[in-house]
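The chain contents come next:
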Amino acid sequence: MRAISRPVSRLDGALRAPGDKSCSHRALMFAGLAEGVSHIEGLLEGEDVVNTAKAMSACGAQVERLSLRRWRVTGVGAQGLRAPETTLDMGNSGTGARLLMGLIAGQQITAAFDGDSSLRSRPMSRVLEPLRQMGARCDSNDGLLPLTLEGAPLTGMEYVTPMASAQVKSCVMLAGLGASGDTIVHERRKTRDHTERMLKAFGVNVGQSEDGEGGQRITVRGGQRLKASDVLIPGDPSSAAFLWAAGLLVGDGEVSVLNVMSNPTRDGLVEAVRRMGAYVDVTWESESGGESLTRLTVKPSTLAAYNPEDDVVPNMIDEFPLFAVLAAFAEGDTVVTGAEELRVKESDRIAATVAMLVANGVYAEERPDGFLVRGCGRNGVPGGGVVTTHHDHRIAMSALVMGCAAKAPVTIDDAAMINTSYPDFFAHMTALGADMVREGDAESDW
Ligand code: S3P
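Our subject in this report is the structure included herewith. Everything numeric in this text was worked out from a predicted model, so none of it was measured. Within each chain, residues carry numbers counting from 1 in the order of the written sequence. Restriction of local features to residues with pLDDT of at least 70 applies here, the model being predicted, together with a cutoff of 80 or more for giving and counting side-chain atom pairs; totals for whole chains, interfaces and linings are based on all residues. Processing note: side-chain calculations cover all non-hydrogen atoms of the structure and skip hydrogens and water entirely.

**A closer look at the nonpolar core**
Formally: The definition of a nonpolar core used throughout is a set of buried Ala, Val, Leu, Ile, Met, Phe, Trp, Tyr and Cys residues joined through side-chain atoms within 4.5 Å. Summary of the burial criterion: residues with accessible area below 20% of their type's maximum are buried, those above 50% are exposed, and those between are partly exposed, where the area comes from a 1.4 Å probe applied to protein chains only. Residue contacts are defined here by distance: any two heavy atoms, one from each residue, within 4.5 Å place the two residues in contact.
Of all hydrophobic cores here, the largest spans 78 residues; its most connected members are Trp244, Ile418 and Phe425. Every residue in contact with Trp244, bar those within four places of it in the chain, is listed here: Val255, Val257, Leu269, Val270, Val273, Leu296 and Val298. Counting 67 residues, the second-largest nonpolar core is a separate cluster that includes Trp71, Ile109, Tyr159 and Val185.

**Focus: the site of the ligand**
As a reminder of what qualifies: To be near a molecule or strand, a residue needs just one of its heavy atoms within 4 Å of it. N or O atoms within 3.5 Å of each other form a polar contact, as long as, within protein, one can give a hydrogen and the other can take it, and as long as residues adjacent in sequence are counted only when both atoms are side-chain atoms. Surface accessibility in these figures is a Shrake-Rupley result with a 1.4 Å probe; residues are shielded only by whichever protein chains are displayed. Definitions used throughout: a 1 Å grid over protein atoms alone; a cavity as a set of points that fits a 1.4 Å probe which cannot get out; a pocket as an open set with protein on both sides within 12 Å along at least five of seven lines; a lining residue as one with an atom within 4 Å of a point. Whether a molecule lies in a cavity or pocket depends on its atoms, and more than half of them have to be within 2 Å of the grid points. Helix numbering and strand numbering both begin at the N terminus, where a helix is a DSSP run of H or I of at least 4 residues and a strand a DSSP run of E of at least 2. Classification used: nonpolar for Ala, Val, Leu, Ile, Met, Phe, Trp, Tyr, Cys and Pro, charged for Asp, Glu, Lys and Arg, polar for all others including Gly. Marked domain ranges trace back to an automatic or database domain assignment.
The immediate surroundings of the ligand are formed by Ser22, Arg26, Thr95, Ala164, Ser165, Ala166, Gln167, Arg192, Ile317, Asp318 and Lys345. Arg26 is positioned with one of its side-chain polar atoms (N or O) 2.7 Å from an oxygen atom of the ligand. Within the backbone of Gln167, one N or O atom sits 2.8 Å away from an oxygen atom of the ligand. Here the ligand loses 95% of its free accessible area of 390 Å² to cover by the protein chains. The pocket occupied by the ligand, as judged from atoms lying within 2 Å of grid points, is the largest pocket. Contributing elements (two or more residues each) for the shell around the ligand: α1 (21-33) and α6 (166-177). Considered class by class, the residues forming the shell around the ligand number three nonpolar, four polar and four charged. Two domains each put at least three residues into the shell around the ligand: domain 1 (3-19 + 234-438) and domain 2 (21-232).

**Some thoughts on the layout of surface pockets**
Quick note on the threshold: Grid points are joined across faces, edges and corners, and a volume is the space filled by probe spheres set on the points.
Within this model, the largest pocket holds a volume of roughly 590 Å³. Every residue lining the largest pocket is counted, 38 residues in all, and those nearest its centre are Ala164, Ser165, Ala166, Ile317 and Lys345. Looking at the lining of the largest pocket, the elements with two or more residues in it are α1, α3 (94-107) and α6. Considering each element in turn, the lining of the largest pocket owes the most residues, four residues, to α1. Lining the lining of the largest pocket are residues from two domains, each supplying at least three of them: domain 1 (3-19 + 234-438) and domain 2 (21-232). In this structure, the second largest pocket spans a volume of roughly 390 Å³. If you go around the second largest pocket, you meet 21 residues; those closest to its centre are Ala17, Pro18, Gly19, Leu43 and Arg69.

**A few points about the sheet that holds strand β19 (residues 364-367)**
Counted only if it meets this: At least two DSSP bridges between two strands are needed for those strands to be called paired. Helix axes are fitted only over the stretch in contact, all axes being lines through C-alpha atoms; the angle between N-to-C directions runs from 0 to 180 degrees.
A sheet is described by the order of its strands in space; here three strands give the open sequence β18-β20-β19, paired in antiparallel fashion. Each having just a single partner strand, β18 (333-336) and β19 make up the two edges of the open sheet. Direction aside, the axes of adjacent strands within the sheet are offset by 10° on average. Relative to strand β20 (residues 370-374), β19 runs antiparallel, the two being bridged by four bridges. Bridged to Glu365 within β20 is Leu372. Helix-sheet contacts for helix α10 (residues 320-329) involve β18 and β20, and the interaxial angle to β20 is about 25°. Helix α11 (residues 349-358) rests against β19 and β20 of the sheet, and its axis sits at about 170° to β19.

**Quick notes on the packing of aromatic side chains**
Two descriptors summarise a pair of aromatic rings, namely the distance from one centre to the other and the angle between the planes of the rings. Here is the rule: Note on aromatic pairs: the rings of Phe, Tyr and Trp (six-membered ring only in Trp) are paired at centre separations within 6.5 Å, and the planes decide the class, stacked below 30 degrees, edge-to-face beyond 60, tilted for the rest.
Using the criterion set out here, one finds six aromatic pairs in the structure. Between Phe30 and Phe202, the aromatic rings sit 6.0 Å apart at their centres with planes inclined by 85°, giving edge-to-face as the arrangement. Placement of the pair is Phe30 in helix α1 and Phe202 in the loop between α7 (194-201) and β12 (206-210), with a sequence separation of 172 residues. Geometrically, the ring pair formed by Phe320 and Phe371 is edge-to-face, given 6.5 Å between the ring centres and 80° between the ring planes. Residue Phe320 is located in helix α10, and its partner Phe371 is located in strand β20; the two are separated by 51 residues in the primary sequence. Using a relative accessible area of 1% as the deciding quantity, one classes Phe371 as buried.

**A short note on the state of the cysteines**
We count it as follows: Cysteine sulfur atoms are paired as a disulfide whenever they fall within 2.5 Å.
Taken as a whole and assessed by the stated rule, the structure comprises zero disulfides. Summary of cysteine pairing: Cys59 is not part of a disulfide, and the nearest cysteine sulfur, belonging to Cys171, is at 14 Å. Of the cysteine sulfurs around Cys138, a residue in no disulfide, the closest is that of Cys171, at 11 Å. Exposure remark for Cys138: the relative accessible area of 15% places this residue in the buried category.

**Considering the sheet that holds strand β15 (residues 255-262)**
The sheet built from four strands is open, its strands ordered β2-β15-β17-β16 with mixed pairing. The open sheet has two free edges, formed respectively by β2 (13-16) and β16 (279-288), since each of these has just one partner strand. If you compare each strand with its neighbour and ignore which way they point, the axes differ by 25° on average. Across six bridges, β15 lies against strand β17 (residues 291-299) in antiparallel orientation. Bridge pairing in β17 places Val255 opposite Val298. Across the face of the sheet, helix α13 (residues 425-432) comes into contact with β2 and β15 while running at roughly 160° to β2.

**Thoughts on the packing of helix α8 (residues 237-249) against helix α12 (residues 393-405)**
The axes of two packed helices give the description: the angle between them and the distance between them. The test is simple: An angle counts as roughly parallel when it lies under 35 degrees, as roughly antiparallel when it exceeds 145, as roughly perpendicular when it falls between 65 and 115, and as oblique in every other case. The sense of a crossing depends on the near helix, which, turned anticlockwise from the far helix by less than a right angle, makes the crossing left-handed and, turned clockwise, makes it right-handed.
Orientation of α8 relative to α12, taken along the N-to-C sense of each, is 15°, at an axis distance of 9 Å. With respect to α12, the element α8 is oriented roughly parallel. The two elements α8 and α12 cross, and the hand of that crossing is right-handed. On α12, the residues touching Ser238, Phe242, Ala245, Ala246 and Leu249 of α8 are Arg394, Met397, Ser398, Val401 and Ala405. Partitioned by chemical class, the residues of the contact of α8 with α12 number seven nonpolar, two polar and one charged.

Keep in mind these values describe shape, not function.
Rendered as structure tokens:
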């Protein structure tokens, strides 16, 4: 299903960000493993998270949707997960697949995993390797899905993550909960810390110490029991970014996003656009489940190029396609380095991002670990291209945001994947005044 975004002159309004994807996956998994009944409010009901809900229920947790975004999970308690009878289909989600592998390996049950064509091409060896070192057995030789984990007792270990990855860190930590002894994960660059924060909310003792060089060591003792907890899912800063980035680029108006989680491991794009000269106001609203909720307001801004330092990269890892769009509207050249992890996201995001810009008349170059974007500045972004999304929701949404402020409409070849993370994207963008339609939508003037 194609979609088109036509240029508009004004975006205005205040909207609530949808529930955070990372926190939604974790809430379902931890509640499913806990003793007792947990209520989850504000769950993201995107396809990725729904697949995690189905997987947890296939493993014996009682997962019920009470009403819009309100879920009740009756957990199985320590070592209570049962082997699923069918293959766990994790769809498009690396987070769902990799975290669940850790959880399941720690439960010593056998489970088969699979996913869509994008997930089947993404490396699983990064989690299988540490799991094998802990004693897990897995039949995948090529390190790709589909694969089967066979139940085996695990032993805690110290593991240094070879790449900045919250999924790898979390997988090892969750396996560690079901292993004997202590499991220590050492990450040289801090990545998103929702597993650490939420496990604590479920009563788990998580040791954290700085390594003095920008990284940290995390310790979990095996055999700890999770206690049911009520979770309010904060708004997703990565989804909110599409709304406010459009607000920065379009010539007139003011866009506010409410309920946006602010967390140092996720705030890289906000910091980056501030350095580019953007008007962004972040106001603290409340605290929830160890996370801060904020209201973020932007006004149309003239942007200057800015090169994010390597240590900022993990804090904006999901935002690079959108950052590249902002860079295309800025004055000057932007160079991104140290971002080789983008090659193994839902698509090869270095190649897909550069192709997205080039198709719309922007000069951009691939680099092995990043890209260069020549900002169009005052001349404006030409637009008028058709973008290949490669089953990647963030490429799709970034391209549509570009269309709001380009000189000619931007088309994407497939809008379907947007449902994995942001089912209300079109409704929200249109509410702000964007002119975006999907082919086949009722009343669409495609
Ligand atoms: C996530 C971690 C990141 C991020 C992904 C969500 C998580 O992946 O890109 O969207 O919830 O732990 P990596 O661990 O591969 O960096």
